[in-house]
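Chain by chain, the residues run as shown.
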Amino acid sequence: MAAAAAELALMKPINPISKSRKGGTLRPHSSQLRVLASSQSGATAAATATATAPKKKKSGKTEINETLLTPRFYTTDFDEMEQLFNTKINKKLNQAEFEALLNEFKTDYNQTHFVRNPEFKEAADKMQGPLRKIFVEFLERSCTAEFSGFLLYKELGRRLKKTNPVVAEIFSLMSRDEARHAGFLNKGLSDFNLALDLGFLTKARKYTFFKPKFIFYATYLSEKIGYWRYITIYRHLKANPEFQLYPIFKYFENWCQDENRHGDFFSALLKAQPQFLNDWKAKLWSRFFCLSVYVTMYLNDCQRTAFYEGLGLDTKEFDMHVIIETNRTTARIFPAVLDVENPEFKRKLDRMVEINEKLAAIGESQDIPVVKNLKRIPLIAGLVSELVAAYLMPPVESGSVDFADFEPQIVY
Amino acid sequence: MVAPATLTLGPRAGFPPNQAKVPSFDRRPSFPLPPNCSHLNASSSRGSIPRLREKLYFPPLPTVRAVAVDSDQLGSSEPAQVEKPRRYYFVVANAKFMLDEEEHFKELLYERCRNFGERNREQDFWLVIEPKFLDKFPGITKRLNRPAVALVSTDEPWMTFMKLRLDRVLADNFEADNLEEALAYNSVNLNFEKPEKWTAPYPKYEFGWWEPFLPPGSSKSSS
């Protein structure tokens, strides 16, 4: 699972601020990150200190963290998973596709890809001030997201071993990729004299429960949107190398091929369970998950425009490109997707950003909690109505041509 | 340091991956190609190759190199040996889809090319513009916009994966006596109209990126 992709606010995309507070989710910079031994330059020490200093609970503004929608950790109904992929119960499973995928994962295209060099530390030392902080946040969120994929896939690999060894092994190999990605990002944090305590994260984070079919929709989108984010950043920086602030982006081209393949695997899982693709409920859920994922990314990224601008990208243009491409990709498997190319869709997203900014402002104001909540009510109502309106926009019928009843005369 | 070392992985983690591939590769005789037909060499004579090499080629791990499967295979398939007919798998769609629109397709082919280079594996996949074998598949041609482009390979599982990835392609297979026959094509000019609005924050992949994957000996791809 790539970077921000896993930041799905799936069930409650509405109010990140109140959620992160109420849920008591960890504040990364205060508890998950630890400072590595010593820091050499004064400036480094200062920046590190701001990033890790224990936060006073009451202090309203903490620059980057207050409105943070931290990447989620998922768990699922493993017994149901075992049932779904039991080859004895489920005779329709297309084992050929799974075996082909297993072959691809065994090939391990990136076995020797994630090797660091001295450029990393040099680039990190050059980065100071707000940019440095934003990079730390980027590394930390990305690492958490990859690590959450590692935990979920690892457990699925373990649990499915008996009922479907091929699917189980694919999950294990995907967890290999995620671990590699998370490890590489965590090494990146060490350039900033920080490290994410993954053992602590495993125990302390809250896990969001999803039924298997929701795991399929959510992780499919998460992997594919991760691919589109990474490849877009990579290709943009290749064309505009003056914005190459930190060498990790040079690794994105090969890296995101892993994400894309992970997505293909969920595509195959969904094809093997046509009941998740072929009825009206599947269409409604597909649209719901598309909307959740796109909106969450858009709101998240619009809160961090400094990062994208630092890379020479226009945040909204970048996001719309990623959304449109992810949606086109997703249309090859989901039975319905959103009409994101309709300009009205972007207008709705932009209005949500405005509302979200107002909500954030209330969160940071000095009002007492009751007043804050009262002020939030009309805004949340506005956000909900935008979301509902976006959800109800006429969808685009879609799906794999392997079930091409949506367009029987398709010409290739 | 390699990242995975920092985390505990499944037992698969350190497994030299191509061992698993060797058996399937071994079963089939590899076909004789002129020595310069391995993809990296073949490419080096063309414009886009130095870049490809620079960008995608990583020195192989010593352990991987030590497997040395390919050289054995080469030894066993001396050109003198009589070629047996073999099965070729393909996915096909119109040229614009394959070469212009699906940019991840280019990434996959370059990635595979890099991987084959690292593991000293002989190329077993090609892109064929307007392949002649299509004449044998009227069921496919009547649903196909022209010019068409096929991805052809002897690796059946990989082609199953490619069908899953590309989705909007037609798949089938055929038997041919030799590579030349399998990859025969009709010359055609490719010309893709510029996209009306290109909103991506990066340029498109260059026209002709597919040239390293055309059948051995084919001249430049039209245009």
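Preceding this paragraph is the structure being described.
Residues numbered from 1 in each chain as written. Chains lettered and ligands numbered in written order. Predicted model: local features only at pLDDT ≥ 70, side-chain atom pairs only at ≥ 80, totals over all residues. Heavy atoms only, no water.

Q: Help me understand the pattern of salt bridges in this model?
A: As a working rule, side chains carrying opposite charge can pair if their charged atoms are close by. Residue and element names in this part refer to chain A. Taken as a whole and assessed by the stated rule, the structure comprises 43 salt bridges over all chains. Residue aspartate 177 pairs with arginine 176 through a salt bridge whose shortest N-O separation is 3.0 Å. Residue class for arginine 176 comes out buried when judged on its relative accessible area of 5%. (Salt bridge = Lys/Arg side-chain N within 4 Å of Asp/Glu carboxyl O. Buried < 20%, exposed > 50% of the residue type's maximum accessible area, 1.4 Å probe, protein only.)

Q: What exactly am I supposed to notice about the nonpolar core here?
A: Side chains that are nonpolar tend, in soluble globular proteins, to be buried together. Membership of the largest hydrophobic core comes to 175 residues, with the highest contact counts inside it found for A:Phe98, A:Tyr246, A:Phe249, A:Phe345, B:Met98, B:Leu127 and B:Leu151. With 15 residues, helix α10 (residues 212–239) of chain A is the largest single contributor of residues to this core. Setting aside residues up to four positions removed in sequence, A:Tyr246 forms contacts with A:Arg116, A:Phe120, A:Ala123, A:Ala124, A:Met127, A:Phe135, A:Leu139, A:Gly188, A:Asp191 and A:Phe192. (Core = buried A, V, L, I, M, F, W, Y, C linked by side-chain atoms within 4.5 Å. Helix = DSSP H or I, 4+ residues; strand = E, 2+ residues; numbered from the N terminus. Contact = heavy atoms within 4.5 Å.)

Q: How should I be thinking about the interface of chain B and chain A in this particular structure?
A: Where interface size is given, it is often the accessible area lost as the parts come together that is meant. The partner chain A presents 62 residues to the 55 residues of chain B that form the contact. For the pair chain B and chain A, the two sides together bury roughly 5100 Å², of which 53% comes from carbon and sulfur. Considering only the surface of chain B that becomes buried against chain A, B:Leu164, B:Arg168 and B:Tyr202 emerge as the three largest contributors, covering 14% of it. There are 6 salt bridges connecting chain B and chain A. One salt bridge in this structure joins B:Glu103 and A:Arg235, with 2.8 Å as the shortest N-O distance. Scanning the region where chain B abuts chain A turns up 21 residue pairs in polar contact (both at pLDDT 80 or more). Ranked by residues supplied to the side of chain B that touches chain A, first place goes to helix α7 (residues 103–118) of chain B with 9 residues. Its residues assigned to classes, the side of chain B that touches chain A comprises 30 nonpolar, 8 polar and 17 charged. (Buried area = accessible area lost by both parts, 1.4 Å probe. Polar contact = N/O pair within 3.5 Å; in protein donor to acceptor, adjacent residues only side chain to side chain. Nonpolar A, V, L, I, M, F, W, Y, C, P; charged D, E, K, R; others polar.)

Q: Can you help me understand the packing of aromatic side chains in this one?
A: For any two aromatic rings, the description comes down to two numbers: the centre-to-centre distance and the angle of the planes. Residues and elements named next belong to chain A. One pass over the full model with this rule turns up 61 aromatic pairs over all chains. Taking the centre distance of 5.6 Å and the plane angle of 55° together, the rings of phenylalanine 120 and tyrosine 251 count as tilted. Residue phenylalanine 120 is found in helix α6 (residues 119–126), and its partner tyrosine 251 is found in the loop between α10 and α11 (252–271); the two are separated by 131 residues along the sequence. The class of phenylalanine 120 is buried, set by a relative accessible area of 0%. (Phe/Tyr/Trp six-rings, centres within 6.5 Å; stacked < 30°, edge-to-face > 60°.)

Q: I would appreciate a short explanation of helix α9 (residues 156–166) of chain B in the present structure.
A: Note: α-helices contain 3.6 residues per turn, so residues at a spacing of three or four share the same orientation. All names here are of chain B. With 8 of its 11 residues buried, α9 lies for the most part within the structure. Every buried residue of α9 is listed here: Trp158, Met159, Phe161, Met162, Lys163, Leu164, Arg165 and Leu166. Among the residues of α9, the N-terminal cap falls to aspartate 155, whose side-chain oxygen and the backbone nitrogen of tryptophan 158 are separated by 3.2 Å. Just beyond α9, the residue with positive phi is aspartate 167, at close to 60°.

Q: Would you take a moment to explain a nonpolar patch on the surface for this structure?
A: Taken together, A:Ile368, A:Val370, A:Val371, A:Leu374 and A:Ile377 make up a surface patch of nonpolar side chains, about 460 Å² in accessible area. Looking at where A:Ile377 falls in the secondary structure, it is placed in helix α16 (residues 369–392). (Patch = residues over 30% accessible without salt bridge, like charges linked within 9 Å, V, L, I, M, F, W, Y side chains within 5 Å. Areas by Shrake-Rupley, 256 points an atom, 1.4 Å probe, with all protein chains shown as cover.)

Q: Sorry if this is basic, but what is going on with the side chain of A:Thr232 here?
A: With respect to the helices and strands, A:Thr232 occurs in helix α10. You can call A:Thr232 buried: its relative accessible area is 0%. Those residues in contact with A:Thr232 that lie beyond four places of it in its chain are A:Phe318, A:His321, A:Val322, B:Pro201 and B:Tyr202.

As far as function goes, none of this settles anything; it's purely spatial.
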